[in-house]
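Structural overview for review
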Amino acid sequence: MALLEKFHGILPALYACYDDEGNISETRTKDLCDYLLGKGVQGVYVGGSSGECIYQNLDERKATLTYAAHQLKGKMTLIAHVGAPSTRDSIELAKHAAELGYDALSAIPPIYFKLPDRAVYKYWSDIIEATSLPFIIYNIPQTTGYTLSPALFAKLLENKKVIGVKNSSMPTMDIERFKRVGGEDVIVFNGPDEQFVSGRIMGADAGIGGTYASMPELFLQANEFVMAGKFAEATVIQSDINDIIIALCSQDGSMYAVIKEILRRRGVNIGGVRAPMQNISVEDAGRIDGIVQMIDQAIERHCK
Ligand SMILES: CC(=O)N[C@H](C=O)[C@@H](O)[C@H](O)[C@H](O)CO
Ligand SMILES: CC(=O)C(=O)O
């Protein structure tokens, strides 16, 4: 259990940081890392959905893993998402992350082709065998089309390097089931930010989320309340967070483009999003003023 302590808390997913030409930017990646360090989050999840991993080549993904590690190693917990379409590429990323001193690896299941459980099991196992790092399964059925069953989770846990699961399916019961299967010695991360508080109450030990970096103060405070058993207070923050997430997801640009614009206004310019995701429109720019205000007011209301 103590070994897993470093994975507890609020772990924002790191966004892809591009220069004005849309190439991975070392300085901008480091700026975002510094910003999150300053907010007091416990760790970061590098190269996942928020890292636009699926739109990047191996060299780009390796570069981001490198820049984040150089900036944050020893200062917070670092998880590398290494899932790629092929096992071969995933292993290459896993080895790179291990050399950089990441605390754990994580990967989505295989995408595009619908593969049977035995192939998914083999995929994850091959990545796990490639390094000595602990491994966190990433279950996100709404984007991958693959649903991790409690039975396969139990089988994966027979490998002691598997320390847990980041669960992004919407039912919080799934979190409860994974926790039931894994018990005390396994860590379950809440995935859907919209139900961070309920996920924590149903058994999630920590959270990894795509919107955390746009409002870390609110998730840190909600987590404090949950730890103190102040569930009513935590739930009020969750409601404000959900208003904000709905606004983030209701613009012409993708949620990540909207969040990046919010960060730019906070002084952290990490560029736009990579096509086919869409950047913000002229109309969005005006509406984002209102979202920034929502976030500021919620922080003012809940975080003393
Ligand atoms: C589908 C998806 O990307 N889920 C992320 C990871 O679990 C979440 O953190 C979302 O970004 C967040 O809940 C906003 O919808
Ligand atoms: C949460 C997560 O995995 C991501 O957005 O990268």
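Please read all numbers here as calculations on a predicted model, not as lab measurements.

**Notes on empty space enclosed by the protein**
What the rule picks out here adds up to one cavity of 30 Å³ or more. Here the largest cavity is characterised by a volume of approximately 60 Å³. In terms of lining residues, the largest cavity is bounded by Ala-16, Val-46, Gly-47, Gly-51, Gln-56, Arg-61, Thr-64, Leu-65 and His-81. The element that contributes the greatest number of residues to the lining of the largest cavity is helix α2 (residues 58-72), accounting for three residues. Along the lines of polarity and charge, the residues of the lining of the largest cavity split into three nonpolar, five polar and one charged.

**Focus on the site of ligand 1**
Surrounding ligand 1, one finds 14 residues, the nearest of these being Lys-166, Ser-168, Asp-193, Glu-194 and Gly-210. Measuring from an oxygen atom of ligand 1, one finds a backbone N or O atom of Gly-191 at 3.3 Å. Here ligand 1, which alone exposes 380 Å², has 83% of that area covered by the protein. Taking a 2 Å distance to the grid points as the criterion, the majority of the atoms of ligand 1 fall inside the largest pocket. Within the shell around ligand 1, the residues separate by chemical class into five nonpolar, six polar and three charged.

**Section: the UniProt feature "binding site: pyruvate" (unreviewed entry) in the protein**
UniProt's entry tags Ile-208 with the feature "binding site: pyruvate" (unreviewed entry), counted in the numbering of this structure. Structurally, the position occupied by Ile-208 is in strand β8 (residues 206-209). With near-sequence residues (within four places) excluded, Ile-208 lies in contact with Leu-11, Tyr-45, Ile-79, Lys-166, Phe-189, Asn-190, Gly-191 and Asp-193.

**What to know about the environment of Gly-290**
Mapped onto the fold, Gly-290 is located in helix α12 (residues 282-302). Along the sequence, Gly-290 and Ile-244 sit 46 residues apart, while their C-alpha atoms lie 9.8 Å from each other.

**Here we look at the side chain of Gln-71**
Locating Gln-71 in the fold gives a position in helix α2. You can call Gln-71 buried: its relative accessible area is 17%. Discounting chain neighbours no more than four positions away, the residues touching Gln-71 are Lys-30, Cys-33 and Asp-34.

Calculation rules
- Residues numbered from 1 in each chain as written.
- Chains lettered and ligands numbered in written order.
- Predicted model: local features only at pLDDT ≥ 70, side-chain atom pairs only at ≥ 80, totals over all residues.
- Heavy atoms only, no water.
- 1 Å grid on protein atoms, 1.4 Å probe; cavity = no way out; pocket = protein on both sides within 12 Å on 5 of 7 lines; lining within 4 Å.
- Points joined across faces, edges and corners; volume = space filled by probe spheres on them.
- Helix = DSSP H or I, 4+ residues; strand = E, 2+ residues; numbered from the N terminus.
- Nonpolar A, V, L, I, M, F, W, Y, C, P; charged D, E, K, R; others polar.
- Near = heavy atom within 4 Å.
- Polar contact = N/O pair within 3.5 Å; in protein donor to acceptor, adjacent residues only side chain to side chain.
- Areas by Shrake-Rupley, 256 points an atom, 1.4 Å probe, with all protein chains shown as cover.
- Sits in = over half its atoms within 2 Å of the grid points.
- UniProt positions renumbered as here; feature names shortened; annotations may be inferred.
- Contact = heavy atoms within 4.5 Å.
- Buried < 20%, exposed > 50% of the residue type's maximum accessible area, 1.4 Å probe, protein only.

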